[in-house]
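Chain by chain, the residues:
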Amino acid sequence: MAEPPPNPLTVGLERLPVHPTSLVIFGGTGDLARRKLLPALYNLGADGALPERFSLVGVSRSALPDEEFRAQAKAAVQEFSRRPADPAVLDALLADARYISGSFDDDAMYPRLCAALDGFDETAGQKLNRAFYLSTAPEFFPVIVEALGRHGLTGSDGAAVRVVIEKPFGTTLAEARELNRTVLGVLDESQVFRIDHYLGKETVQNMLAFRFANGMFEPLWNRNYIANVQITAAEDIGIGSRAGYYDNAGALRDLMQNHMMQLLSLLCMEPPVDFSADEVRSEKVKVLHAIAPPPPERTVRAQYAAGNVAGTEVPGYTGEDGVRDDSHTETFAAIRLDVENWRWAGVPFYLRTGKRLARKVTEIAVTLRPVPHQAFNQEGSVGVRPNQLIFTVQPNEGVTLKLGAKIPGTRMRVRDVNMEFLYGTTFLSQSPEAYEKLIMDAMRGDATLFTRNDEAEAQWRIMDPVVARWKHEPGPLPQYEAGSPGPPEADALLGGEDEWRAI
Ligand code: BG6
């Protein structure tokens, strides 16, 4: 039987050339490496997207022989890859993988790492680029970066050296500034890749395509036509085994200061001159500069109480393992921000995020102003609701435009209908995981989808006063039942007739 013709819509999914690279994962046996980084490398390998020569080094504390690291990495890929692992691809990926054990603050470990990397260069007969991925507890970020500097690992004649830094980039503005000072004391900004995995999500990048590749949206993209914007990052999961981290972080720092501010910046930025890293990031930073820290009456925090999520009884936050009984850490945060510039003055931006909500949904909903005159309010017409454009980041990646349409029949009745674009059905392929895109971009030296130094600080400048205020305000916090849409207190943020979208 003849082969079916290729789907023309998948033609754009090609892979880009990458210089031969050694990738070092600090925290190579940790949770993030197991769940995300190693599976992402496998999937890049399966797509033929890794460089022709690619060598992997894991660095962690526990003493393991190379063989054991390879076995653990293999098991992690088999458990967490988005596609079933092909043994041939997996073996090829890990064939020469090395493991270096040691404490990140132990100077004796770095010469061993150096020797492993030099060994890869020798075998390849060329200088490989080097990428260091800091997937460790944040207190080790400055420690590792300084050690790389002391041991001559931040530069390599004839090859590029890059450092990827995981979140959180500081837990306050002062810490973020200090970390930037340390990092930029040793590296050039062009070598630094501060990860925000939301920027690796297809739908997030698609916001730029929608805005700047289509003539029909940009003319409306301002205060004259847009009534309000709602950004929701709701999760049904609790904190799992992450109490140690989460109880010190809370929802505002965990998700809003970074991921949600990225979504807001992309939505609000001016068209960049081109899509180079600095042009795009400069425009995003300008948006952040136009936002003032929200006053108390524009912020709401809450904590989940026991409840039922998807048919399972779950404990309240303070009943989770490792959480203090009197914890005042918020698991839900909602704020209203204003972007005080020519384009957005007067448009409220409502942001909310929380754990143990009714379902997982991340979306950006742009609500347009209503039509000036409701000529359809007659004979039982339900009227015309304002148009909405909804970017669904997850779970059903796509874009929906809500329009008013006539209900068939003799009467002139109007209701909302959806025009939908869904990735899964249009492109007939699974979107790559965010980490696949980001690891690839870091290896290629493209920093467009990474947070720049001034950007990280500008995000903190907005959120830091809220974090500080909440730290000193006594509890108890408002509670919401696990599995519910969140606390009713969040409604108080909304102006006029605005309503939160259903979760
Ligand atoms: C992480 C947070 O950055 O993002 C987690 O630390 C959160 O608490 C996660 O669950 C959400 O990511 P995603 O890709 O599932 O929306």
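Conventions adopted
Residue numbering note: each chain is counted from 1, following its sequence as written. The predicted nature of this model means local features are confined to residues of pLDDT at least 70 and side-chain atom pairs, given and counted, to a pLDDT of 80 or more, with totals for whole chains, interfaces and linings taken over all residues. As a rule here, side-chain values come from all non-hydrogen atoms in the structure, and water together with hydrogens is ignored. Axis definition: a line fit to C-alpha positions, over the contact stretch in the case of helices; interaxial angles, taken between N-to-C directions, run 0 to 180 degrees. Each helix corresponds to a stretch of at least 4 residues labelled H or I by DSSP, and each strand to a stretch of at least 2 residues labelled E; elements are numbered beginning at the N terminus. For this classification, under 35 degrees means roughly parallel, over 145 means roughly antiparallel, 65 to 115 means roughly perpendicular, and everything else is oblique. We call two residues in contact when some of their heavy atoms are within 4.5 Å. Under the grouping applied here, Gly and all other residues not named as nonpolar or charged are polar, the nonpolar ones being Ala, Val, Leu, Ile, Met, Phe, Trp, Tyr, Cys and Pro and the charged ones Asp, Glu, Lys and Arg. Here, a salt bridge means any side-chain nitrogen of Lys or Arg that lies within 4 Å of a carboxyl oxygen of Asp or Glu. For a helix, the expected span equals 1.5 Å multiplied by the residue count minus one. We define the bend at any residue as the angle between the axes fitted to the seven residues before and including it, ending there, and the seven starting there. The rule is simple: take the accessible area with a 1.4 Å probe, protein chains only, and divide by the maximum for that residue type; under 20% is buried, over 50% is exposed, in between is partly exposed. Neighbouring residues are identified by heavy atoms, a residue being near a molecule or strand if any of them is within 4 Å of it. Whenever two N or O atoms come within 3.5 Å, that pair is a polar contact, provided that in protein one can donate a hydrogen and the other can accept it, and provided that, for residues adjacent in sequence, both atoms are side-chain atoms. Areas reported here follow the Shrake-Rupley algorithm with a probe of radius 1.4 Å; residue values treat only the protein chains shown as occluding. Two strands make a pair as long as DSSP finds a minimum of two bridges between them. Residues grouped as a nonpolar core are buried Ala, Val, Leu, Ile, Met, Phe, Trp, Tyr and Cys residues, joined through side-chain atoms within 4.5 Å.

S.K.: Any chance you could break down the packing of helix α8 (residues 243-268) against helix α9 (residues 277-289) for me, citing the residues and the numbers?
M.R.: In helix packing, the relevant descriptors are the interaxial angle and the interaxial distance, both defined with respect to the helix axes. Where α8 meets α9, the axes come as close as 9 Å, and the angle between the chain directions of the two elements is 105 degrees. It follows from the interaxial angle that α8 and α9 lie roughly perpendicular. Side by side, α8 and α9 meet where Met-261, Gln-262, Ser-265, Leu-266 and Cys-268 of the first sit next to Lys-284, Val-287 and Leu-288 of the second. Here the contact of α8 with α9 is composed, by residue class, of 5 nonpolar, 2 polar and 1 charged.

S.K.: Please set out the pattern of salt bridges residue by residue, giving values where relevant.
M.R.: Tallying each qualifying case throughout the model produces 37 salt bridges. A salt bridge links Glu-235 to Lys-355, with the nearest nitrogen and oxygen atoms 2.7 Å apart. With Glu-235 in the loop between β7 (226-234) and α8 and Lys-355 in the loop between β12 (348-354) and β13 (361-368), this pair connects stretches of sequence that are 120 residues apart. The salt bridge involving Lys-355 is made with Asp-254; its shortest N-O contact spans 3.9 Å.

S.K.: So, unusual backbone geometry: which residues are in play, and what are the values?
M.R.: Phi is mostly negative for residues that are not glycine, and the peptide bonds are mostly trans. Residue Pro-168 is bonded to the preceding Lys-167 through a cis peptide linkage, with omega at -5 degrees. By the secondary structure assignment, Pro-168 is in the loop between β5 (161-165) and α6 (173-186). With an omega of 5 degrees, the peptide bond between Gln-394 and Pro-395 qualifies as cis. Residue placement: Pro-395 occurs in the loop between β14 (388-394) and β15 (398-406). Notably, Ala-310 is not glycine yet its phi reads approximately 45 degrees, a positive angle. Positionally, Ala-310 belongs in the loop between β9 (307-309) and β10 (312-314). The backbone of Arg-356 sits at a positive phi, close to 55 degrees, despite the residue not being glycine.

S.K.: Explain helix α12 (residues 453-472) to me, using residue names and the numbers behind them.
M.R.: Residues three or four positions apart in an α-helix share a direction because the helix packs 3.6 residues into each turn. The first and last C-alpha atoms of α12 sit 28 Å apart over 20 residues, in line with the 28 Å expected at 1.5 Å per residue. In the structure, α12 departs most strongly from a straight axis at Met-463, where the bend amounts to approximately 40 degrees and where the proline Pro-465 lies between one and four residues downstream. Considered for burial, the residues of α12 that qualify are Asn-453, Glu-455, Ala-456, Ala-458, Gln-459, Trp-460, Ile-462, Met-463, Val-466, Val-467 and Trp-470. Tucked into the core, α12 has its buried residues touching α6, β6 (192-194), α8, α9, β8 (299-305) and β11 (332-338).

S.K.: How would you explain the site of the ligand if you had to name every residue and give the values?
M.R.: Around the ligand sit Lys-167, His-197, Tyr-198, Lys-201, Glu-235, Arg-242, Asp-254, Leu-255, His-259, Lys-355, Lys-360 and Gln-394, and those are all the residues in its vicinity. In the environment of the ligand, an oxygen atom lies 2.8 Å from a nitrogen or oxygen atom belonging to the side chain of Arg-242. Summarising the interface, the protein chains cover 81% of the accessible area of the ligand, which totals 400 Å² for the free molecule. Among the elements that make up the shell around the ligand, the one with the highest residue count is α8 (3 residues). A breakdown of the residues in the shell around the ligand according to their chemical character gives 2 nonpolar, 3 polar and 7 charged.

S.K.: Run through the side chain of Asn-228, naming residues and quoting values.
M.R.: Within the fold, Asn-228 resides in strand β7. Looking at Asn-228, the relative accessible area reads 5%, which means it is buried. There is a polar contact of 3.2 Å between the side chain of Asn-228 and the side chain of Asp-498. Non-local contacts of Asn-228, meaning those with residues more than four positions away in its chain, are made with Val-347, Pro-348, Tyr-350, Ala-365, Val-366, Thr-367 and Asp-498.

S.K.: So what's going on with the pairing of β8? Residues and values would help.
M.R.: Of all 7 residues in β8, 6 are buried, a share of seventy percent or more. The sheet contact formed by β8 and strand β17 (residues 479-481) spans 3 bridges and is parallel. Pairing of Gln-303 across the sheet is with Gln-479, part of β17.

S.K.: Tell me about the nonpolar core, and name the residues and values.
M.R.: Residues Phe-26, Leu-113, Phe-132 and Phe-349 are the most contacted members of the largest nonpolar core, which totals 147 residues. Sort the elements by how many residues they give to this core and α8 lands first, with 13 residues. Residues contacting Leu-113, with those up to four places away along its chain left out, are Val-24, Phe-26, Val-57, Val-59, Ile-100, Phe-132 and Leu-153.

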